[in-house]
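Okay, here's what each chain looks like letter by letter:
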Amino acid sequence: MKQKTHAAEHTEEHAQSRSMMQEVWRRFKKNKGAVVGLCIFLVICVLAISAGFVYDYDTQVVGGDVTQRLQSPSWEHPFGTDEMGRDILIRVIYGARYSLSVGVVAVAIALVIGVSLGALAGYVGGITENIIMRITDIFIAVPNILLAIAIVSAMGQSTLNLMIAVGICSSASFVQISRAAVLTVRNNEYVEAARAIGSNSFHTVFSHILPNSLAPIIVQATLRVGASIISASSLSFLGIGVPLPAPEWGAMLSGGRAYIRDYSYMTLFPGLAIMLTVVSLNLVGDALRDAIDPKLKK
Amino acid sequence: MYKYILKRLVLLIPVIIGVSLLVFSIMDIAEGDPVYQIVSETASEEVIEATREAYGLNDPFLVRYARYMINLCKGSMGTSYITKQDVFKTYMELLPNTVKLSLLAVVIAIIVSIPLGINAAIHQNTWADTGSMFTSLLFVSMPQFWLGLLLMLAFALKLGWFPSGGNEDGLKSLILPAFTVGIGLAALMTRTTRSSMLETIRQDYITTAKAKGVSNKNAIYHHAFKNALIPIVTVGGMQLAQVLGGSVLAETVFSYPGVGRLIVQSIERRDIPMVTGALILTTIIVSVVNLATDIVYAFIDPRIKSQYARK
């Protein structure tokens, strides 16, 4: 009996010694959807990275056979070919490179802008906070997609500008989340202790406050990558995203629209690719949120 | 309560000024000379210069912005560079189309999402729950324009039940765009309804009600649902605001003449007065709908209402 209590105490001690990240990972692993989502996402990443080793875009797609145009899916062309005889499967795989990089870079831009402004607002307070939050209100008031269209058309159409536009549009939500996160930990004793031992504001924010308010920011970032992929492909669909003839999924759907009546497979596969990628990111994001804040799950 | 509404309306003014400044500066840094949207590129130097003067394009940025804002206060949003039509009038002509589309989309979303969400919450962790959560995950992750293309393919081109674009057929031409917007919304609201319902049915007062002999069904529909409705209404209102401003993709896929499509077309043509005016008007509408959501929220939740009453 005594031994048993000892063992229980031991496991409890062990659980406490586990870091928060390990604990989150343990809960994350238990979620079947999350594991499936993570696997799908990793497969898509591997395909995007290794596309160049398996296929040669220049000879197989750009130098494709025009006589092979508008072929329905077959063994030779599993997803069929488009109006210029380009293989849709290879284009969809190469398209992952555009969508993933636009999604990730846009969120990175949003993180840099949003977290620094949000942390500043939350930590400094006063007039600075007021100004930052009122500017954020303005960005939230304008519908995201319209703002992104306006920014891209002003800066000129290019992949980088698309990333910047989508990033700027997502940054407002990061400002709000990181401000709120900083506000909740700002008055904790350890922050006060850090200040008492002479840590300057910059150091206090980056070493003591931000690491402890990361959880909601990470969750939002994961979900935002998916949303950014949808925004970016929407802009490409409208003809102002990634410039043609790049095999971006939204642009491929826009091209397939003219042939939708007789060659509907052209509008099927790029859309499925977007959906699969975003589903996997949403599964991971939702599971991360539940793992970080188990109160929500119950 | 009225004080609160008034305060919120007054707070809207700096947002509108900010939005106009933002839109004005974005359009200002855009490449290309707007004068060529007014006269042809082959026009003589004198004509171009005269047009610049007439439209005040030679003035510095702040002068043009100040002039625009003064005119705005006088109730004029200017005329389009391209169609020479009054900006406000053009926008107001198309607005009813977008409002119809948005309202129908939200109605569809509510009809689909509330029963599905409640059912999923009551039968948590069963197949009904997993199934509806998985389906809503798929639709949440679907780009709106792709869903639009699929609906168009199935119901307009293959089955021929609805027109594939335009708005000549009244309600019939509204159905597909509204479902395109509404299905995505429904997916989002099903998730909200479920989590809100789950939170409510675990509250002590529901247990109390059941302990006092209220039937399960009664407890859910009369005791829990009313309280679970609060976050659902908030999300619904926010979504309505979002749709009013962001149905541009559905409008584009179905060539539906709404304000979203007007803004996209005007941005492409660099029709600065039209873009600025339309974006400001859209922002006002979105903000007012958001404010209305907050007020409705206070009305259905007496706890919040009493907070305002005290202020």
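Keep in mind that what you see is a predicted model, and the values were worked out from it rather than measured. Numbering of residues starts from 1 in each chain and follows the order in which that chain's sequence is written. Each chain takes a letter, starting from A, and each ligand takes a number, starting from 1, following the order in which they are written. The predicted origin of the model limits local features to residues at a pLDDT of at least 70 and limits the giving and counting of side-chain atom pairs to 80 or more, whereas totals for whole chains, interfaces and linings rest on all residues.

## Side note on the overall build of chain B
Put simply, the test is: Every helix listed is a DSSP run of H or I at least four residues long, and every strand listed is a run of E at least two residues long, numbered separately from the N terminus. Counting other C-beta atoms within 10 Å of a residue's C-beta gives its exposure: the residue is buried at 20 or more, exposed at 12 or fewer, and partly exposed in between, where C-beta atoms are placed from the backbone. Contacts here follow a simple rule: the backbone-placed C-beta atoms of the two residues must lie within 7 Å.
The helix and strand inventory of chain B stands at 14 helices and 0 strands. Moving toward the C terminus, one meets the helices and strands of chain B in the order α-α-α-α-α-α-α-α-α-α-α-α-α-α. Split into buried and exposed, the 311 residues of chain B put 39% on the buried side. Within chain B, contacts between residues at least 6 apart in sequence are counted, and of these 72% link residues at least 24 apart.

## Regarding the nonpolar core
Threshold: We call a set of buried Ala, Val, Leu, Ile, Met, Phe, Trp, Tyr and Cys residues a nonpolar core when their C-beta atoms link them within 7 Å.
Ala148 and Ile149 of chain A together with Val23, Ile263 and Val275 of chain B are the most contacted members of the largest nonpolar core, which has 151 residues in total. A total of 18 residues in this core trace back to one element, the largest contributor, which is helix α5 (residues 88-124) of chain A. Look past the residues within four positions of valine 275 of chain B in its chain and what remains in contact with it is Ala150 of chain A together with Val23, Met27, Ile263, Ser266 and Ile267 of chain B.

## As for the confidence of the model for chain B
Put simply, the rule is: Confidence scores per residue from the predictor, reported as pLDDT, run from 0 to 100.
Overall, the predicted model of chain B reaches an average pLDDT of 82, with 96% of residues at or above 70. Model confidence for the complex is summarised by a pTM of 0.84, with the ipTM given as 0.83.

## Let's talk about the packing of helix α12 (residues 259-268) of chain B against helix α13 (residues 272-300) of chain B
Residues and elements named next belong to chain B. Rules: Lines fitted to the C-alpha atoms define the axes, with helices restricted to the stretch that makes contact. Angles between their N-to-C directions range from 0 to 180 degrees. Note on terminology: angles under 35 degrees are roughly parallel, angles over 145 are roughly antiparallel, angles of 65 to 115 are roughly perpendicular, and the others are oblique. Put simply, a crossing is left-handed when the front helix is turned counterclockwise from the back one by less than a right angle, and right-handed when it is turned clockwise. Basically, the charged four are Asp, Glu, Lys and Arg, the nonpolar ten are Ala, Val, Leu, Ile, Met, Phe, Trp, Tyr, Cys and Pro, and anything else, Gly included, counts as polar.
Where α12 meets α13, the axes come as close as 9 Å, and the angle between the chain directions of the two elements is 150 degrees. Classified by the interaxial angle, the pair formed by α12 and α13 is roughly antiparallel. The interaxial crossing formed by α12 with α13 has left-handed handedness. Packed against α12, whose contacting residues are Val259, Leu262, Ile263, Ser266 and Ile267, the element α13 presents Met274, Val275, Ala278, Leu279 and Thr282 at the interface. Looking at side-chain class alone, the contact of α12 with α13 contains 8 nonpolar, 2 polar and no charged residues.

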